[in-house]
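Results of the structural survey
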Amino acid sequence: MSKPLPTTVRTHFTALRMLLVMTVILGLAYPLLVTGIGQVAFSDKANGSIVTVDGKESGSSLLGQNYNLPKQNPDDQNEEAKPDPQWFQPRPSANGYDPKVSGASNLGPNSEDLTTTVEDRRKAVAAFDGVDPASVPADAVTASGSGLDPHISVAYAKEQADRVAKTRNLPVQAVNTLIGKYTEGRSLGFLGQDGVNVVLLNTALAQQK
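Below is a short write-up of the structure. Please read all numbers here as calculations on a predicted model, not as lab measurements. (Residues numbered from 1 in each chain as written. Predicted model: local features only at pLDDT ≥ 70, side-chain atom pairs only at ≥ 80, totals over all residues. Heavy atoms only, no water.)

Overview of the overall build of the chain
When its secondary structure is counted, the chain shows six helices and five strands. Listing every helix and strand of the chain by position from the N terminus yields α-α-β-β-α-β-α-α-β-β-α. Since a compact globule built from 209 residues should have a radius of gyration of about 17 Å, the 25 Å found for the chain marks it as more spread out than a globular shape. The dimensions of the chain, computed from C-alpha atoms along their principal axes, are 95 × 45 × 45 Å. For the chain, the proportion of its 209 residues judged to be buried stands at 28%. For the chain, the exposed area adds up to about 14000 Å²; of that, 58% sits on carbon and sulfur atoms. In the chain, 19 positive and 21 negative side-chain charges are present, and the distance between their average locations comes to 11 Å. (Helix = DSSP H or I, 4+ residues; strand = E, 2+ residues; numbered from the N terminus. Rg over C-alpha atoms; globule rule 2.2 N^0.38 Å. Buried < 20%, exposed > 50% of the residue type's maximum accessible area, 1.4 Å probe, protein only. Areas by Shrake-Rupley, 256 points an atom, 1.4 Å probe, with all protein chains shown as cover. Lys, Arg positive; Asp, Glu negative; His and termini not counted. Charge placed at Lys NZ, Arg CZ, Asp CG, Glu CD.)

Structure (structure tokens):
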């Protein structure tokens, strides 16, 4: 009759078997199940909500991006890119809409630097859109917490409508119709305010004749 294995060895064998079983369940079966459900039920969101134009990927509807004119000196890091008047502009971003460095400026409401920056932005946005500085919405001069928010307020979108229509030789009503089409309601029906997805709006705008 063979001697039973020492308790320590049996405990290690039990732990090893449990490790293998849990690895198969949680490391293989569960991820495959969740991936499968995501692909079947939420394919677009599971794959990043990619926006395509003429079969080419142009961005994600979940991530904002810049719509600037090309720099005169692309290698000059000190040259500030200027917004392109043909496009609806997103809200400011502390990270330049770089998804690799998502985050805010970390400046608080009592920061003099933030106050100065907001006032400078207000003047610049008002001059760019041809409106009274007092009418510039808050989201036009303040960045989101992530720096990647693709949405702007309906008020900010409508403020830009005249400028976009004039630059593109489009009827203002046609531009406002697009704003209405890409206006999204509150989250869960009661959180936040209505917002306009700038990425989707500009993608649709590019297809206007």
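Now that the structure has been shown, the text picks up again.
Description of the sheet that holds strand β3 (residues 151-153)
If you walk across this open sheet you meet the three strands as β3-β5-β4, and the pairing is antiparallel. The two strands at the open ends of the sheet, each matched to only one other strand, are β3 and β4 (183-184). Sheet analysis places β4 next to strand β5 (residues 195-197), joined by two bridges and oriented antiparallel. By the bridge assignment, Thr183 is partnered in β5 with Val196. Relative to the sheet, helix α4 (residues 154-168) contacts β3, β4 and β5, its axis offset from that of β3 by approximately 85°. (Pairing = 2+ DSSP bridges. Contact = heavy atoms within 4.5 Å. Axes fitted to C-alpha atoms, helices over the stretch in contact; angles between N-to-C directions.)

What about the side chain of Arg168?
Secondary-structure assignment places Arg168 in helix α4. No salt bridge forms around the buried Arg168; measuring N to O, its nearest opposite-charge neighbour Asp84 is 6.8 Å away. Contact partners of Arg168, with chain neighbours within four places excluded, come to Gln86, Trp87 and Leu205. (Salt bridge = Lys/Arg side-chain N within 4 Å of Asp/Glu carboxyl O.)

Quick word on the side chain of Asn197
The residue Asn197 is located in strand β5 in this model. Polar contacts involving the side chain of Asn197 include one to the main-chain carbonyl oxygen of Ser61, which spans 2.9 Å. Side-chain polar atoms of Asn197 contact the backbone nitrogen of Leu200, separated by 3.1 Å. (Polar contact = N/O pair within 3.5 Å; in protein donor to acceptor, adjacent residues only side chain to side chain.)

Some details on the environment of Asp76
Within the secondary structure layout, Asp76 lies in the loop between β2 (56-60) and α3 (112-129). Along the chain, Asp76 and Asn169 lie 93 residues apart, while their C-alpha atoms are 33 Å from each other.

Details of helix α5 (residues 172-181)
Buried within α5 we find Val175, Leu178 and Ile179. For α5, the angular spread of the buried residues around the axis is 105°, confining them to a single face. Among the exposed residues of α5, those oriented more than 90 degrees off its buried face are Gln173 and Lys181. Turning to α5, the residues buried within the fold contact α4, β4, β5 and α6 (198-205). (Arc of directions from axis to C-beta.)

Some remarks on the nonpolar core
Of all hydrophobic cores here, the largest spans 26 residues; its most connected members are Phe88, Ile179 and Leu201. At the level of secondary structure, the elements contributing two or more residues to this core comprise α3, α4, α5 and α6. Setting aside chain neighbours within four positions, we find Leu201 in contact with Phe88, Leu178, Ile179, Tyr182 and Val196. (Core = buried A, V, L, I, M, F, W, Y, C linked by side-chain atoms within 4.5 Å.)

Some words on the pattern of salt bridges
Enumeration according to the criterion identifies four salt bridges in this entry. Put simply, Lys100 and Asp98 hold a salt bridge, and the shortest N to O gap is 3.1 Å. Looking at Asp98, the relative accessible area reads 24%, which means it is partly exposed. A salt bridge links Arg163 to Asp129, with the shortest nitrogen-to-oxygen separation between them at 2.9 Å.

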